[in-house]
Amino acid sequence: MSKAVIIGTGSCVPSRSLSNEDLEKMVETSDKWITTRTGIKTRHISGPDEQNYQLASKAAKRALEMAEVDPADIGLIVVATLSPHMIMPSTACFVQAEIGADNAFAYDLNAACAGFTYALDLARHYVQSQPGMKVLVIGSETLSTRVDWQDRNTCVLFGDGAGAAVVTGTEEDRGIIGSKLHSDGNHWDLLYMDSPESQNADLVKEDWQGSLIRMNGGDIFKHAVRNMDEAVKALLDRHRFSIDDLDLLIPHQANIRILRKLQERLKLPDEKVFVNLHKYGNTSAASIPIALDEANRQGMLHKGDLVALCTFGGGLTWGSLLLRW
Ligand code: UT7
């Protein structure tokens, strides 16, 4: 059976950045607290011409350019996002129009921070049944529009950006090997964002302040470390690899302490764990594709390398995906 392989990556972040020092002027916080508790130094905030679909389209164009694929040859566009441009139409439809992918069908997928990994796995299944198909998989967020800028527990964490990958079939012995994806809706209230016109009577009654991100950071932290660790180990086991076989882990960029604990549990050296969250903060569904693109463009991915993605987000949603570059 043919495999699904990534043939191009791209990313885009807004031009304006917001430093920890800037945040000191907005809420009761400090560069020291943010740096030591999260590892984040700065994040990017979108302006008027940097809406979700515009960032997504720029990332997509860069991925298409690298893949040397014409937009007209794209069969499917999936945008993973929890901050869509509109509820309807999908952000993917706006991207389709913006890049001129006239022959594609397009839709969004919401699996919070795990969205890109879920979407990549979806692309794998399409491509395995239609190997000639080219799929544009995008993770794109403008979380700055959904953050409560008075809540220091969350506003220091998140940032805007987009990343994209072009996926197609190959008969070579490389590409996506497998995935292990999970959800647990029992813990929905650890990290959520209500809809703008809330139908949720419980939330409206209690402490409803609009459709802004709410998080129980401590509990999310514990679930994230445990679940990503288990998902990576189980996936490697299933495909009869050991941790030493892994060339690079690209984890969801949420908090440096989560990443270091995960690294400790997996017994991976620093050079095998990709980290860029100091520059972008947590960009949710965009975090892994931005990291993947940076690793790719920095020459850290060599043909034949064994690469694992692992992710965790609201839902709860989490999982891992293994690929041979
Ligand atoms: O994308 C997936 C979802 N998100 C995540 O994975 C995030 C997971 N969680 C985290 O990254 C961490 O839990 C946080 C960074 C959110 C919080 O770090 P923490 O070490 O768990 O801090 P905490 O929530 O236990 O708070 C410790 C103290 C509290 O003060 P008191 O109650 O001890 O007086 C907070 O009010 O730190 C305070 N605090 C802050 N202080 C300065 C919380 N946010 C800030 C802040 N600046 N920005």
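The preceding data block contains the structure.
Computed from a predicted model, the values in this text were never measured in an experiment.

Peer 1: How should the site of the ligand be read in this particular structure?
Peer 2: In the vicinity of the ligand there are 23 residues, among which Thr29, Arg37, His252, Asn255 and Asn282 approach most closely. In the environment of the ligand, a nitrogen atom lies 2.7 Å from a nitrogen or oxygen atom belonging to the side chain of Thr29. Burial of the ligand by the protein chains amounts to 71% of its free accessible area of 950 Å². It is helix α8 (residues 217–238) that contributes the most residues to the shell around the ligand, four residues altogether. Across the shell around the ligand, the residue classes break down as 11 nonpolar, eight polar and four charged. Residues lining the shell around the ligand come from more than one domain, with at least three contributed by each of domain 1 (3–172) and domain 2 (176–324).

Peer 1: Quick question: what am I supposed to make of unusual backbone geometry here?
Peer 2: The general pattern is negative phi for most residues beyond glycine and trans for most peptide bonds. Following Met88, the chain continues to Pro89 via a peptide bond in cis, the omega torsion being 0°. When you line up the elements, Pro89 lands in the loop between β4 (76–80) and α4 (91–99). Put simply, Gly315 and Leu316 share a cis peptide bond, and its omega is -5°. Position of Leu316 among the secondary structure elements: in the loop between β12 (306–313) and β13 (317–324). Positioned with a positive phi, Arg240 is a non-glycine residue whose angle comes to about 60°. Take Arg240: it is sitting in the loop between α8 and β11 (248–251). Classification of Arg240 as exposed rests on a relative accessible area of 78%. Look at Ser284: it is not a glycine, yet its phi comes out positive at around 50°.

Peer 1: How should I be thinking about the packing of helix α3 (residues 52–67) against α4 in this particular structure?
Peer 2: Each pair of packed helices can be described by the angle between their axes along with the distance between the axes. Between α3 and α4, whose axes approach to 9 Å, the crossing angle comes to 55°. If you check the angle between α3 and α4, you find them oblique. The interaxial crossing formed by α3 with α4 has right-handed handedness. On the side of α3, the interface is formed by Asn52, Tyr53, Ala56, Ser57, Ala60, Lys61 and Leu64, while α4 contributes Thr91, Phe94, Val95, Glu98 and Ile99.

Peer 1: Would you mind going over the sheet that holds strand β5 (residues 105–109) with me for this structure?
Peer 2: Hydrogen bonds along the backbone pair up the strands of a sheet, which may run parallel or antiparallel. The strand order across the open sheet built from five strands is β1-β7-β6-β4-β5, with neighbouring strands paired in mixed fashion. Two strands close off the open sheet at either side, each with one partner strand: β1 (3–12) and β5. Averaged over all neighbouring strand pairs, the angle between strand axes comes to 20°, with direction disregarded. Sitting on the sheet, helix α5 (residues 115–129) touches β1, β4, β5, β6 (135–141) and β7 (161–170), and the angle it makes with β6 is about 170°. On the sheet, helix α11 (residues 287–297) packs against β1, β6 and β7 and is oriented at approximately 95° with respect to β1.

Peer 1: Got a minute to help me understand the sheet that holds strand β8 (residues 175–183) in this structure?
Peer 2: Taken in spatial order, the four strands line up as β8-β13-β12-β11 in an open sheet, and their pairing is mixed. Here the strands that pair on one side only, and so sit at the sheet edges, are β8 and β11. Across this sheet, the average inter-strand angle for adjacent strands is 15°, counted without regard to direction. The sheet contact formed by β8 and β13 spans eight bridges and is antiparallel. Considered in β13, the bridge of His182 is made with Trp318. Strand contacts of α5: β8, β12 and β13, with the helix running at about 130° to β8, the strand carrying the most contacts. Packing of α8 onto the sheet brings it into contact with β8, β11, β12 and β13, and relative to β13 it is tilted by some 35°.

Peer 1: Quick question: what am I supposed to make of the nonpolar core here?
Peer 2: In summary, soluble globular proteins display a tendency toward joint burial of nonpolar side chains. Residues Met228, Leu246, Leu249, Ile258, Phe312 and Leu322 are the most contacted members of the largest nonpolar core, which totals 44 residues. Among the secondary structure elements, those contributing two or more residues to this core are α8, α9 (256–266), β12 and β13. Examining the composition of this core, we find that nine residues originate from one element, α8, more than from any other. Each of two domains, domain 1 (3–172) and domain 2 (176–324), supplies a minimum of three residues to this core. When sequence neighbours within four positions are dropped, the list of residues in contact with Phe312 reads Cys113, Ile220, His223, Ala224, Asn227, Met228, His252, Thr317 and Trp318.

Peer 1: Explain the side chain of Gln263 to me, please; I cannot follow it from the model alone.
Peer 2: Within the secondary structure layout, Gln263 lies in helix α9. Within the structure, Gln263 has its side chain in polar contact with the side chain of Asp270 (distance 2.6 Å). Other than its neighbours up to four places away in sequence, Gln263 contacts Leu268, Pro269, Asp270 and Val273.

Each value, and the rule that gives it
Position numbers for residues count from 1 along each chain, tracking the sequence in the order it is written. Given that this is a predicted model, residues contribute local features only at a pLDDT of at least 70 and side-chain atom pairs are listed and counted only at 80 or more, while totals for whole chains, interfaces and linings are drawn from all residues. Each side-chain value is worked out from all heavy atoms of the structure, with water and hydrogens disregarded. A molecule or strand has a residue near it when one of that residue's heavy atoms lies within 4 Å. Pairs of N or O atoms within 3.5 Å make up the polar contacts considered here, provided that, within protein, one atom can donate a hydrogen while the other can accept it, and that residues adjacent in sequence are counted only when both atoms are side-chain atoms. Accessible surface is estimated by sampling points in the Shrake-Rupley manner with a 1.4 Å probe; for residues, cover comes only from the protein chains shown. Numbering of helices and strands runs from the N terminus, with a helix taken as a DSSP run of H or I at least four residues long and a strand as a DSSP run of E at least two residues long. Only Asp, Glu, Lys and Arg are considered charged, only Ala, Val, Leu, Ile, Met, Phe, Trp, Tyr, Cys and Pro nonpolar, and every remaining residue, Gly among them, polar. Where a domain begins and ends is set by an automatic assignment or by a domain database. Any residue under 20% of the maximum accessible area for its type is buried, any over 50% is exposed, and the rest in between are partly exposed; the area is computed with a 1.4 Å probe on protein chains only. Interaxial angle, 0 to 180 degrees, is taken between N-to-C directions of lines fitted to C-alpha atoms, where a helix line uses only the stretch in contact. Angles below 35 degrees are treated as roughly parallel, those above 145 as roughly antiparallel, those between 65 and 115 as roughly perpendicular, and all remaining angles as oblique. Put simply, a crossing is left-handed when the front helix is turned counterclockwise from the back one by less than a right angle, and right-handed when it is turned clockwise. In this analysis, two residues are considered to be in contact whenever any of their non-hydrogen atoms come within 4.5 Å of each other. The rule for pairing is simple: two strands pair if DSSP sees at least two bridges between them. Among buried residues, those of type Ala, Val, Leu, Ile, Met, Phe, Trp, Tyr and Cys that are joined through side-chain atoms within 4.5 Å constitute a nonpolar core.

On their own, these measurements won't tell you what the molecule is for.
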